[in-house]
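Here is what each chain is made of, one letter per residue.
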Number of protein chains: 2
Amino acid sequence: MSQDLPTTSYALLGLLSFGDDLSGYELKQRADRTLRFYWVSPAMSQVYTELARLTKLGLVRAREDTTAPTRSTRRFQITAAGRRDLQRWLSSATVEFPALKHPIALRLLMGHLAGPETSVTLLEDYLGLLAERRAELQAVRDSLIVDPHSPVDRFRYPRMVADWGLDYYESERAMVVELIRRVAATDT
Amino acid sequence: MSQDLPTTSYALLGLLSFGDDLSGYELKQRADRTLRFYWVSPAMSQVYTELARLTKLGLVRAREDTTAPTRSTRRFQITAAGRRDLQRWLSSATVEFPALKHPIALRLLMGHLAGPETSVTLLEDYLGLLAERRAELQAVRDSLIVDPHSPVDRFRYPRMVADWGLDYYESERAMVVELIRRVAATDT
DNA sequence: AGGGTACTGTTCCTACTAGGAATAAATGCC
DNA sequence: GGCATTTATTCCTAGTAGGAACAGTACCCT
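Rules behind the numbers
- Residues numbered from 1 in each chain as written.
- Chains lettered and ligands numbered in written order.
- Predicted model: local features only at pLDDT ≥ 70, side-chain atom pairs only at ≥ 80, totals over all residues.
- Heavy atoms only, no water.
- Phe/Tyr/Trp six-rings, centres within 6.5 Å; stacked < 30°, edge-to-face > 60°.
- Helix = DSSP H or I, 4+ residues; strand = E, 2+ residues; numbered from the N terminus.
- Buried < 20%, exposed > 50% of the residue type's maximum accessible area, 1.4 Å probe, protein only.
- Contact = heavy atoms within 4.5 Å.
- Buried area = accessible area lost by both parts, 1.4 Å probe.
- Salt bridge = Lys/Arg side-chain N within 4 Å of Asp/Glu carboxyl O.

K.L.:
Could you give an account of the packing of aromatic side chains, naming the residues involved and the relevant values?
P.N.:
By convention here, two paired aromatic rings are described through the distance between centres and the angle between planes. Tallied over the entire structure, the rule returns 15 aromatic pairs over all chains. On the basis of an interplanar angle of 50° and a centroid distance of 6.0 Å, the ring pair of F97 of chain A and Y126 of chain B is categorised as tilted. Of this pair, F97 of chain A sits in the loop between helix 4 (80-92) and strand 3 (99-101) while Y126 of chain B sits in helix 7 (residues 116-143), on two different chains. The exposure classification of F97 of chain A matches that of Y126 of chain B, with both residues buried. Measuring from ring centre to ring centre gives 5.4 Å for Y168 of chain A and Y168 of chain B, while their planes differ by 80°; the resulting arrangement is edge-to-face.

K.L.:
An account of the interface of chain B and chain A is needed here, citing residue identities and associated values.
P.N.:
In this complex, chain B contributes 68 residues to the contact, which on the side of chain A involves 68 residues. Across the chain B/chain A interface, buried area totals approximately 6,800 Å², and carbon plus sulfur atoms make up 72% of it. It is F97, Y157 and W164 of chain B in chain B that bury the most area against chain A; as a group they hold 13% of the surface buried on that side. Here chain B is connected to chain A by two salt bridges.

K.L.:
Give a detailed account of the pattern of salt bridges, specifying residues and quantitative values.
P.N.:
All names here are of chain A. Here the structure, examined in full by the defined rule, presents 30 salt bridges over all chains. A salt bridge links R159 to D153, with the nearest nitrogen and oxygen atoms 2.8 Å apart. Judged by its relative accessible area of 13%, R159 is buried. The partner of R173 in a salt bridge is E170, and the shortest N-O contact between them spans 3.0 Å. Remark: E170 and R173 occur in helix 8 (residues 156-186); sequence separation between them is three residues, near one turn of the helix. Through salt bridges that share partners, D4, D85 and R88 make up one connected network.

Here you go:
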């Protein structure tokens, strides 16, 4: 049925597949809260662009929300066709290596121009960002609890993926500490 | 002098800062060989677009290479102004968190739709890609040897950054092995 | 009540950039 | 010589980051 779509489309479909009806704004918030640790959160304009496309393709259904007193909001939900297409993509898409733009590693690569002190500062600043990011993901992980009343454990896989992210942040932290030591050792 | 440029511009300037004159094509090859482990290698069209911009701004100098028998090639080298601007950027740019698009983690997040078997296959395929990528970076690391005759150790920082990348690949491998175990444990 | 701030919701805009195709010259191999 | 590969560059399309702009809603304080 539908031709292949960019991965961002499937990422948003995936967020909708957890079952909630969301406005475009809410979907962006959801991506900012959960998706961004593994896949850069799409820009707001991208979210709406994708939703329009997915709606046109019948993979998402838009519904006017009339429960609000004065304002009308469009809410989006995945369709059965959308769910099927997402499953098809998950089962058949080629496995592609992660794309990374790591500004800190890039800048350290040019340490010969920046010098040791600037490089140490750069790494220390990054440690701070890492700690924040890790705390944010830990909070998300803590919210992915098993619901004893639900017949299905909705968050088994998200929990595993969060653990993956936390493991990455921890090993990154350790490596950056070691790099600081090595760069600073230059300075003597 | 120059307004701020996108990071990709500085990435290419950084590659040129190691001292060689390179054609656009060679610069792309250089990026494919060294830069891509930390910063997605710019597309060919992007390389030429950036070189044109950098040349216009006086940060890069283009020179016709007339040593070839019949064909003329433009070769690019960083100017003193380019080096200074790169240093300014390295010293003053805000530290930004790395941007990541991790298709495997994204797909595992939707494991409820893919199912355990597909998820295990996905992770196993990724292990294969990881092994390849690691071998490639190891080869690069092995080439960054200390030149005993050179007054300056050009590759101190690139060696450190390569170690960073290798460390990342190793910890990623270990985590993926663990994830395979966890997902497969589902299947019983 | 009014004003200011923050939040929700959506569209429009610009610049960056991935991924090729297209074109052509040069090189290497059978 | 013919073919495949490599070097070199330009052109093109579609995806997308990052905001701005606009407007309605809710909340808080004076």
